[in-house]
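# Overview (structure and organization)
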Amino acid sequence: ARAVLQQESKDIAEEMQTVKEQLALSEALVRQNNEHEETEASLGVLQELWHEIGVSNEKRDEVRLCITSCVENTCQRQIEGAKTLKQQTENEITALRDSAEMMQAALGKKSASENLDYEKKLAFRTLFDERDHWQKSINSIKSDFKKKSAS
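Analysis parameters
Residues numbered from 1 in each chain as written. Predicted model: local features only at pLDDT ≥ 70, side-chain atom pairs only at ≥ 80, totals over all residues. Heavy atoms only, no water. Helix = DSSP H or I, 4+ residues; strand = E, 2+ residues; numbered from the N terminus. Buried < 20%, exposed > 50% of the residue type's maximum accessible area, 1.4 Å probe, protein only. Contact = heavy atoms within 4.5 Å. Areas by Shrake-Rupley, 256 points an atom, 1.4 Å probe, with all protein chains shown as cover. pLDDT = per-residue confidence, 0-100. Expected span 1.5 Å × (residues − 1). Salt bridge = Lys/Arg side-chain N within 4 Å of Asp/Glu carboxyl O.

## What to know about the overall build of the protein chain
Secondary structure assignment for the protein chain yields six helices and zero strands. Listing each helix as α and each strand as β along the protein chain from the N terminus yields α-α-α-α-α-α. The proportion of buried residues among the 151 residues of the protein chain is 21%. Residue pairs at least 24 apart in sequence account for 65% of intrachain contacts in the protein chain once pairs closer than 6 positions are excluded. As displayed, the protein chain has an accessible area near 11,200 Å², and 54% of this comes from carbon and sulfur atoms.

Dropping the structure here:
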């Protein structure tokens, strides 16, 4: 009788754990609002494997917490990556602009920044647009220099 009660207690604890995990998944899906059926099927497979293996409730709780915070963690990683990319792009723009300025000065021409009118500066929709502009400016300066050198 004692063994039966212990088994029932284990079964109830596992069932409760399954409900907690499904709740964690539902919370994440409400935030994400995409691909609910596929993700739920994956959770079902995972729960079946855990049942077959006999994974502890403590381990399952760890995973449940990861599922709950998955969307937030992913967003935070993406935010950090975007901040890094923004800084790298800004640094690249500064380096390209400085190179264009030095090339123009070496050729005795007006600064590349002076050639870029105010309205055009405002037309850059993104940092990538501005970076591309400076790269094209450098290529144009190099091309002009090669033409003058050849003559």
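Having seen the model, we can carry on.
## So, the confidence of the model for the protein chain
Looking at the protein chain, pLDDT values average 83 and 86% of them are 70 or higher. The least confident element of the protein chain is helix α5 (residues 118-123), whose mean pLDDT is 58; the most confident is helix α6 (residues 127-150), at 89.

## Some points on the side chain of Arg 60
Considering the arrangement of structural elements, one finds Arg 60 in helix α3 (residues 57-106). Those residues within four positions of Arg 60 in sequence are excluded, and the remaining contacts are Glu 14, Gln 17, Thr 18, Glu 21, Gln 47, Trp 50 and Val 55.

## A look at the side chain of Thr 89
Mapping Thr 89 onto the fold places it in helix α3. Dropping the residues within four chain positions of it, Thr 89 is found in contact with Leu 127 and Phe 128.

## Focus: α6
Relative to the 34 Å expected for 24 residues at 1.5 Å per residue, α6 spans 35 Å between its end C-alpha atoms, a close match to the ideal helical length. Taken together, the buried positions of α6 are Glu 130, His 133, Trp 134, Ser 137, Ile 138 and Ile 141.

## Points about the pattern of salt bridges
By the definition in use, this model includes eight salt bridges. Across the pair Arg 131 and Glu 92 runs a salt bridge, and its minimum N-O distance is 4.0 Å. A residue pair is termed long-range when its members are at least 10 positions apart, and Arg 131 in helix α6 and Glu 92 in helix α3 qualify at 39 residues. Owing to a relative accessible area of 21%, Arg 131 belongs among the partly exposed residues under this scheme. Glu 92 sits in the partly exposed class, given a relative accessible area of 36%. Between Lys 109 and Asp 144 there is a salt bridge, and its shortest N-O distance comes to 4.0 Å. Here Lys 109, found in the loop between α3 and α4 (112-115), pairs with Asp 144, found in helix α6; they are 35 residues apart in sequence, far enough to count as distant. Accessibility expressed as a relative area gives 33% for Lys 109, which makes it partly exposed.

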